[in-house]
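# Structural characterization, general
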Amino acid sequence: MADATHLSMVEFLRFSPSLPGGDTRLIELAPSILSADFAHLADQIHAAEEGGAALMHLDVMDGHFVPNLTIGPPVVASIRKVTRLPLDCHLMIENPNDFIPAFAEAGADWISVHQEVCVHLHRTVELIKHHGLQAGVVINPATPVETLSDILEFVDYVLVMSVNPGFGGQKFIRHSLVKLAKLATIRGQRGLNFRIEVDGGVAMDTVVEIVRAGAEILVAGNAVFGEGHPKEQAAKLLKAATEATWQQV
Ligand code: DX5
Ligand code: ZN
């Protein structure tokens, strides 16, 4: 087995978990409301849910860590009232420790924080778990997987950003495939259980490679809420993603 920290773009397929007949991973869709019509948010969420969404991805931005502003705990609390799906809160904010209790109180089920803003990442992960939530860590496109080595055993999921965070509808960065495959390989080698999530540019033209590289939880904003009906768009994307685990590479 090659060193998992030096996988090339060609090697990622060889070491990905999608070996013929052996890929039984649960693939789940997490629509991001960032691209939804906020004036009709409950309807949009229900439509995505009918299309097979397993959780709702809520992007929280502070205008400092990323150049955009979005929602805070009051909106999460309102969304909590209109869906039973787990709420996957992706915190793109500085000082996340200051806000984790408020998001937990608002009804978040999963909270992920960026490695790049957490000086004491283990403490932050433990704070999320202290509230009884699933704890995730996120890395930007320029942050190496290797920076997560000593936190992997403590997290429930790892989120690989496949665009630079801040906006929906951006182009998928293909190097993310290498990072997904590295994580899947490291998880297997170390016998860990964290799940692998991907966020940014997940669409019909990228989803097959993304799943084959190792992603299991697929965040999709534009592909679900951008054009067409969210129910049909979600169902189509989830079908393509699930079928990608059946097909021989
Ligand atoms: C970007 C957000 C994403 C965004 C993805 O900073 O974290 O969740 O909604 O949007 P698409 O799927 O359109 O790339
Ligand atoms: Zn996100």
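To keep things clear, this report deals only with the structure shown in the data block. What you are looking at is a predicted structure, and each value in this text was computed from that prediction instead of being measured.

## Brief notes about the layout of surface pockets
Taken as a whole, the largest pocket holds about 480 Å³ of empty space. Around the largest pocket, the lining is made up of 35 residues, and of these Gly169, Gly201, Val202, Asn222 and Ala223 lie nearest the centre. At the level of secondary structure, the elements contributing two or more residues to the lining of the largest pocket comprise β2 (56–61), β3 (87–92), β8 (217–220), α8 (222–225) and α9 (230–244). Looking at the lining of the largest pocket residue by residue, the class counts come to 15 nonpolar, 15 polar and five charged.

## A look at the site of ligand 1
Near ligand 1 you find 20 residues, and of these Ser32, Asp59, Gly166, Gly169 and Asp199 are the closest. For ligand 1, an oxygen atom lies 2.7 Å from a polar atom in the side chain of Ser32. Within the contact set of ligand 1, an oxygen atom lies 3.3 Å away from a side-chain nitrogen or oxygen of His90. If you map ligand 1 onto the pockets, it falls in the largest pocket. Going through the elements one at a time, β2, β3 and β8 are the ones with two or more residues in the shell around ligand 1. If one sorts the elements of the shell around ligand 1 by residue count, β2 sits on top with three residues. Looking at the shell around ligand 1 residue by residue, the class counts come to eight nonpolar, ten polar and two charged.

## A short note on the nonpolar core
Generally speaking, a soluble globular protein has its nonpolar side chains buried in company with each other. With 68 residues, the main nonpolar core has Ile33, Leu58, Leu91, Ile111, Ile210 and Leu218 as its most contacted residues. Take this core: its biggest share by element is six residues, from α9.

## Digging into the environment of Gly169
Counting through the fold element by element, Gly169 comes out in the loop between β6 (157–161) and α6 (176–190). Judged by its relative accessible area of 57%, Gly169 is exposed. When the C-alpha atoms of Gly169 and Leu34 are compared, they prove to be 9.6 Å apart, with 135 residues separating the residues in sequence.

## Quick notes on the pairing of β3
Along β3, six of the six residues are buried, which leaves the element largely enclosed by surrounding structure. Residues Leu87, Cys89 and Leu91 line one face of β3 and the alternating positions Asp88, His90 and Met92 line the opposite face, and both faces are buried. Note: β2 against β3, six bridges, orientation parallel. By the bridge assignment, Val60 is partnered in β3 with Leu91. Pairing of β3 with strand β4 (residues 110–114), which is carried by four bridges, proceeds in the parallel orientation. Its bridge partner being in β4, Asp88 is matched across the sheet by Trp110.

## Considering the packing of helix α2 (residues 41–50) against α9
Contact geometry for α2 and α9: axes closest at 7 Å, N-to-C directions at 35°. For the crossing formed where α2 meets α9, the hand is right-handed. Judged by residue contacts, Gln44, Ala47, Ala48 and Glu50 of α2 engage Pro230, Lys231 and Ala234 from α9. Residues belonging to the contact of α2 with α9 are distributed by class as follows: four nonpolar, one polar and two charged.

Calculation criteria
Residues numbered from 1 in each chain as written. Chains lettered and ligands numbered in written order. Predicted model: local features only at pLDDT ≥ 70, side-chain atom pairs only at ≥ 80, totals over all residues. Heavy atoms only, no water. 1 Å grid on protein atoms, 1.4 Å probe; cavity = no way out; pocket = protein on both sides within 12 Å on 5 of 7 lines; lining within 4 Å. Points joined across faces, edges and corners; volume = space filled by probe spheres on them. Helix = DSSP H or I, 4+ residues; strand = E, 2+ residues; numbered from the N terminus. Nonpolar A, V, L, I, M, F, W, Y, C, P; charged D, E, K, R; others polar. Near = heavy atom within 4 Å. Polar contact = N/O pair within 3.5 Å; in protein donor to acceptor, adjacent residues only side chain to side chain. Sits in = over half its atoms within 2 Å of the grid points. Core = buried A, V, L, I, M, F, W, Y, C linked by side-chain atoms within 4.5 Å. Buried < 20%, exposed > 50% of the residue type's maximum accessible area, 1.4 Å probe, protein only. Pairing = 2+ DSSP bridges. Axes fitted to C-alpha atoms, helices over the stretch in contact; angles between N-to-C directions. Left-handed = near helix turned anticlockwise from the far one by under 90°. Contact = heavy atoms within 4.5 Å.

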